[in-house]
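Spelled out, the chains give:
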Amino acid sequence: MTRVEVIEEPSLDGKRSALVLAEDRVGHYPEFREFFIRRFSLDTNGLSKPGYVRAPSGMIYSLVFVGRSGEPFPDGLEVYALVDALEPLSEEDVDTDLWAVLTWIIQGIGGEWEVEDLDATGRLYQLPLLSRHG
Amino acid sequence: MKVDPAGSHLQSGHFVHEEWPYEPRFKRVNSWRMHYIDEGAGDPVVLLHGNPAWGFLYRKFVKPLTAAGRRVIVPDMIGFGLSEKPVREQAHSLDGHIANLTSLLRQLDVRNATMVCHDWGGPTGLGFALSNTRRVRALVIMSTWAWPLPPAEFHKRIFPWRMMHAPLVGPYLLGKHNALAGRGMYLSVVDRKKFEEEAQSVYESVLPDPGSRLLTWTWPRWIPLDETARGYQRFEWLEHELKKSRFPTLLVWGREDEVFDHTTFATRFKELLPHAEGPELVTGRHFLQEDSGAEIAEKINNFLDRIDGRQP
């Protein structure tokens, strides 16, 4: 599985944003929120722009950070695939990409959050993609 | 009976299954549409499920309890079963779910009720009982808890519990892949082959889309892990009020329950409620109703007969 890389503002010409995952409480474990603040300079950027990552399929995803009055920022996070405007998504690619993004997040958080535990959890719940990739 | 593996139990919005022939009923609670069944006549027995189940978990209970002259009410929590399923995490709170149940049971003017509490049906059902003491006469408690700390050791570990519902991992694993209603329940019964043949697709099929599964990763986030947790004070209140209560109580636990193990959790309830009967152990992991439904229903009937003086 190739790695996930953060990229700067990609061209959005001819693309649409397809919502593929939403999290209403990114700070449930605060180290997740802190990872996004650190990785995307949210202390400086705030709501001004999304983060972008390129995933193993080559597809680019935008990470849209959501604020909520009375809660530390970001409170929520929406993940959008940037796909050719009139073309359907490959669900298999998105599934594999999202798992890679989750792996990248857990790696970036570190400490007690370990990729081995993410993989073990995925295997326990028999994620189809883990059997596809052996 | 083997169920349709395609899980097509929902037909035109109605749930069709030979083991669940009950008329669907609905009430508005706190602006949400709550599904419940209401069968039989007599003093009510309210059967409360938790995560990620719904009333179907009690399919082996309804007939023996109604046949014994009891009214049986089985609500589906808002977010589960055939009830409305909010799509925002902020729609859910422990207090909100207690208030949902309170709304339903007050609308039905339930009195002299026996509250049968399992998993999150524990904190919600006990929350109702302890704030509506005049409407409740007895408790049956199974595989749950009602105090702030600590939860089971299992709930503190990253693998698999905290990882499973972690930010973004929860919506992916439990949302997109329905891991808790499928594999999660499968792992939490004793007779897995029977569960797979009879029930697994039912639990999976009533949560057909990722958005409909939100409560499966939201409820785990409401289990307090430290004193700063949401709900911590409500659990303190539950423990405090439960300790003062004198409801006749029956504890029933699964012998093989390794999450809410009986030596820790049933014992703790016994300390809070020294007058409680049990724990009566049956074959079962966390979802003990799947392995021992008819046996537990009989235990409830016998317990209530004893309260009513119909049995020594």
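Above this note sits the structure.
All of the points below concern the structure found in this document. In every chain, residue numbers begin from 1 and rise along the written sequence. Throughout, the order in which chains and ligands are written sets their labels, letters from A for the former and numbers from 1 for the latter. Predicted model: local features are reported for residues with pLDDT of at least 70 only, side-chain atom pairs are reported and counted for 80 or more only, and whole-chain, interface and lining totals are derived from all residues. The side-chain quantities take in all heavy atoms of the structure and omit both hydrogens and water.

## Regarding the overall build of chain B
Strands are runs of DSSP state E lasting at least two residues, helices are runs of H or I lasting at least four, and both sets are numbered from the N terminus onward. When you go through chain B residue by residue, the secondary structure sums to 13 helices and ten strands. Radius of gyration: C-alpha atoms only; globule rule: 2.2 Å multiplied by the number of residues to the exponent 0.38. Taken over the C-alpha trace, chain B has a radius of gyration of 18 Å; the compact-globule value for 312 residues is 20 Å, and the two agree within 12%. Principal axes of the C-alpha set define a box for chain B whose edges measure 50 × 45 × 40 Å. Residues counted as buried form 61% of the 312 residues belonging to chain B. By the convention used here, residues are in contact when the closest approach between their heavy atoms is within 4.5 Å. The long-range fraction of contacts in chain B, counting pairs at least 24 apart against all pairs at least 6 apart in sequence, stands at 77%. When the accessible surface of chain B is split by element, carbon and sulfur atoms take 48% of a total near 11,300 Å². Each residue is assigned to one of three classes by its accessible area relative to the maximum for its type, calculated with a 1.4 Å probe on protein chains only: buried under 20%, partly exposed between the two thresholds, exposed over 50%. Residue-level accessible areas treat just the shown protein chains as cover; the underlying method is Shrake-Rupley with a 1.4 Å probe.

## Observations concerning the sheet that holds strand β7 (residues 113-118) of chain B
Residues and elements named next belong to chain B. Being paired, for any two strands, means DSSP has found at least two bridges between them. Read across the open sheet, the eight strands follow the order β3-β4-β6-β5-β7-β8-β9-β10; overall the sheet is mixed. Every interior strand has two partners, whereas the edge strands, β3 (25-29) and β10 (277-282), have only one. Pairwise comparison of adjacent strand axes, ignoring direction, gives a mean angle of 25° for this sheet. Relative to strand β8 (residues 136-142), β7 runs parallel, the two sharing six bridges. Looking across to β8, one finds that T114 is bridged to A138. Only the stretch in contact is used when fitting a helix axis, every axis being a line fitted to C-alpha atoms; angles between N-to-C directions are given from 0 to 180 degrees. Packed onto the sheet, helix α2 (residues 94-107) meets β3, β4 (32-39), β5 (44-48), β6 (71-75) and β7 and runs at close to 120° relative to β3.

## Some words on the packing of helix α3 (residues 91-109) of chain A against helix α6 (residues 169-176) of chain B
A packed helix pair is summarised by two numbers, namely the angle formed by the two axes and the spacing between the axes. Close contact between α3 of chain A and α6 of chain B brings their axes to 10 Å; oriented N to C, the two are set at 145°. Every pair of crossing elements has a handedness; the one defined by α3 of chain A and α6 of chain B is left-handed. In this structure, α3 of chain A uses D95, L98, W99 and L102 of chain A to contact α6 of chain B, whose residues at the interface are V169, Y172 and K176 of chain B. Under this grouping Gly is polar, as are all residues other than the nonpolar Ala, Val, Leu, Ile, Met, Phe, Trp, Tyr, Cys and Pro and the charged Asp, Glu, Lys and Arg. Broken down by class, the residue content of the contact of α3 of chain A with α6 of chain B amounts to five nonpolar, no polar and two charged. Rotating anticlockwise by less than a right angle from the far helix to the near helix defines a left-handed crossing, while the corresponding clockwise rotation defines a right-handed one.

## A word on the nonpolar core
The biggest cluster of nonpolar side chains holds 143 residues, and the ones touching the most others in it are F36 of chain A together with M115 and L126 of chain B. Of the residues forming this core, the biggest block, ten residues, is contributed by α3 of chain A. Ignoring any residue separated from it by four or fewer positions in sequence, one finds M115 of chain B in contact with V46, L48, L101, L105, G125, F128, A129, V136, A138, L139 and V140 of chain B. Put simply, buried Ala, Val, Leu, Ile, Met, Phe, Trp, Tyr and Cys residues joined by side-chain atoms within 4.5 Å make one nonpolar core.

## Concerning the pairing of strand β5 (residues 76-84) of chain A
All names here are of chain A. Within β5, seven of the nine residues are buried, which leaves it mostly tucked inside the rest of the structure. Relative to β5, strand β2 (residues 15-23) runs antiparallel, the two being bridged by eight bridges. Bridge pairing links A22 to E78 in β5. Of the pairings in the sheet, the one linking strand β4 (residues 60-66) to β5 comprises seven bridges and is antiparallel in character. For F65, the partnering residue across the bridge sits in β5 and is L77.

## A closer look at the interface of chain A and chain B
On the chain B side, the residues contacting the 34 residues of chain A number 28 residues. Contact with chain B buries surface across chain A, with D24, Y29 and Y125 of chain A losing the most and accounting together for 22% of the total. The salt bridge definition used is simple: a Lys or Arg side-chain nitrogen within 4 Å of an Asp or Glu carboxyl oxygen. At the boundary of chain A and chain B, one finds three salt bridges. Here E112 of chain A ties to R162 of chain B by a salt bridge, and the two come within 3.5 Å at their closest N and O atoms. Any N or O atom pair separated by 3.5 Å or less is treated as a polar contact, with the protein-specific requirement of one donor-capable and one acceptor-capable atom, and with residues adjacent in sequence counted only for side-chain atom pairs. On the surface where chain A and chain B come into contact, there are eleven residue pairs in polar contact (both at pLDDT 80 or more). Elements with a minimum of two residues in the side of chain A that touches chain B: β2, α1 (30-39), β5, α3, α4 (115-124) and α5 (128-132) of chain A. Throughout, the accessible surface (probe 1.4 Å) given up by two parts as they are put together, summed over both, is called the buried area.

Keep in mind these values describe shape, not function.
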